[in-house]
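# Geometric and topological summary
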Amino acid sequence: MKTLKIIKIGGNIIENPAALDNFLMEFSKIEAPKILVHGGGKLATKLAQQMNVKVEMVNGRRKTNAETLDIITMVYAGKINKNIVASLQQKSNNALGFTGADGNTITSIKRPVKEIDYGFAGDIVNVNTTVLESLLSANITPVFCAITHDNNGQLLNTNADTIAAELAIGFAKKHQTELYYCFEKNGVLLDVNNDDSVIENINTKKYKELLNNKIIADGMLPKMNNCFHAINQNVHKVCIGKSEMLYNQNSKFTTIQA
């Protein structure tokens, strides 16, 4: 079974040109088959504000009306995705940019309206790995932005952490998949004000303790839910930390266990 690394990066890397270039240089050196997933919410918010389009967030999730979806598509699938692909080509890492609509790779449904109407937000229902397997076999790296589709011509804004988890799950039957969430902290912290207080291993029991003690809360909850969803669906390894965990053996990070 081949190891497949699926790596998700967020705004702390995307919004810093030097950090992004350094990350992509290190990413391009990873020899294993790999997929990159990126967000870009802060840049989308900035453009929305410049265009006088109201930005609404609920529980860390963006409400997506038609205007917001247009901006997200321009920023995620356009500016950010193509700049990343171009930078990887410069570093001799052949890459191809993706939304879930490309190659019919990720299908979603529009999130049902319950207490909150999230608009054109997508909940993933299917991952089709056929096209991606062909690309990986040809040493081409897929680069996914946070957009999927519903098979009826509608694009949907979809959480990038969830896309990364579902891709890892989708490939788990044929690959030993490893999922890495790169963000601005060294990992899950016991004390949010102390970057060195990394909890190096979290299993289901430990997670419940951390939740009960309110050590994990707010924006970290959706990320952790994706981690445990992946590890419980046969993803081999799930890690959270700074991007240095990918190439610096001395770096601290958090490993999620069943």
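Below or above, wherever it landed, is the structure these notes cover.

Parameters and conventions
Residues numbered from 1 in each chain as written. Predicted model: local features only at pLDDT ≥ 70, side-chain atom pairs only at ≥ 80, totals over all residues. Heavy atoms only, no water. Helix = DSSP H or I, 4+ residues; strand = E, 2+ residues; numbered from the N terminus. Buried < 20%, exposed > 50% of the residue type's maximum accessible area, 1.4 Å probe, protein only. Contact = heavy atoms within 4.5 Å. Axes fitted to C-alpha atoms, helices over the stretch in contact; angles between N-to-C directions. Parallel < 35°, antiparallel > 145°, perpendicular 65-115°, else oblique. Nonpolar A, V, L, I, M, F, W, Y, C, P; charged D, E, K, R; others polar. Phe/Tyr/Trp six-rings, centres within 6.5 Å; stacked < 30°, edge-to-face > 60°. Lys NZ or Arg CZ within 6 Å of the ring centre and 35° of its normal. Arc of directions from axis to C-beta.

### Digging into unusual backbone geometry
Although it is not a glycine, Asn-104 adopts a positive phi angle of roughly 50 degrees. Along the chain, Asn-104 falls in the loop between strand 5 (95-98) and strand 6 (106-110). One non-glycine residue, Asn-139, lies in the positive phi region at around 60 degrees. Considering the arrangement of structural elements, one finds Asn-139 in the loop between helix 5 (130-137) and strand 8 (141-144). Residue Asn-139 is classed as exposed on the basis of its relative accessible area, which comes to 65%.

### Let's talk about the environment of Phe-253
With respect to the secondary-structure elements, Phe-253 resides in the loop between strand 13 (237-241) and strand 14 (254-256). By relative accessible area, Phe-253 is classed as partly exposed at 23%. The sequence separation of Phe-253 and Leu-189 amounts to 64 residues, and the corresponding C-alpha distance is 9.5 Å. Discounting chain neighbours no more than four positions away, the residues touching Phe-253 are Asn-186, Val-198, Ile-199, Glu-200, Cys-239, Ile-240, Gly-241 and Met-245.

### A word on the environment of Lys-223
You can see Lys-223 is positioned in helix 8 (residues 220-231). In this structure Lys-223 comes out as buried when scored by relative accessible area, which is 9%. Spatially, the C-alpha atom of Lys-223 lies 9.6 Å from that of Ala-165, the residues being 58 residues apart in sequence.

### Brief notes about the packing of helix 6 (residues 160-171) against helix 8
Closest axis-to-axis distance for the helix 6/helix 8 pair is 9 Å, and the angle between their directions is 5 degrees. One finds that helix 6 runs roughly parallel with respect to helix 8. In contact with Asp-161, Thr-162, Ala-165, Glu-166 and Ile-169 of helix 6, helix 8 contributes Lys-223, Asn-226, His-229 and Ala-230. Partitioning the contact of helix 6 with helix 8 into residue classes produces three nonpolar, three polar and three charged.

### Details of the packing of aromatic side chains
For the structure on display, the rule yields three aromatic pairs. An angle of 20 degrees between the planes, with centres 4.7 Å apart, marks the rings of Tyr-207 and Phe-228 as stacked. With Tyr-207 in helix 7 (residues 204-212) and Phe-228 in helix 8, this pair connects stretches of sequence that are 21 residues apart. For the residue pair Tyr-207 and Phe-228, the accessibility class agrees, reading buried in each case. Above the face of the Phe-27 ring, Lys-34 is positioned so that its terminal group lies 4.7 Å from the ring centre. Taking the ring centre of Phe-120 as reference, the NZ or CZ of Lys-110 above it sits at 5.6 Å.

### As for helix 3 (residues 41-50)
For helix 3, every residue scored as buried is listed here: Ala-44, Thr-45 and Ala-48. For helix 3, the buried positions fall inside an angular range of 100 degrees around the axis, keeping them on one side. The exposed set on the far side of helix 3, more than 90 degrees from its buried face, consists of Lys-42, Gln-49 and Gln-50. Close packing links the buried residues of helix 3 with strand 4 (61-62) and helix 4 (66-90). Positive backbone phi, at 60 degrees, marks Asn-52, one or two positions downstream of helix 3.

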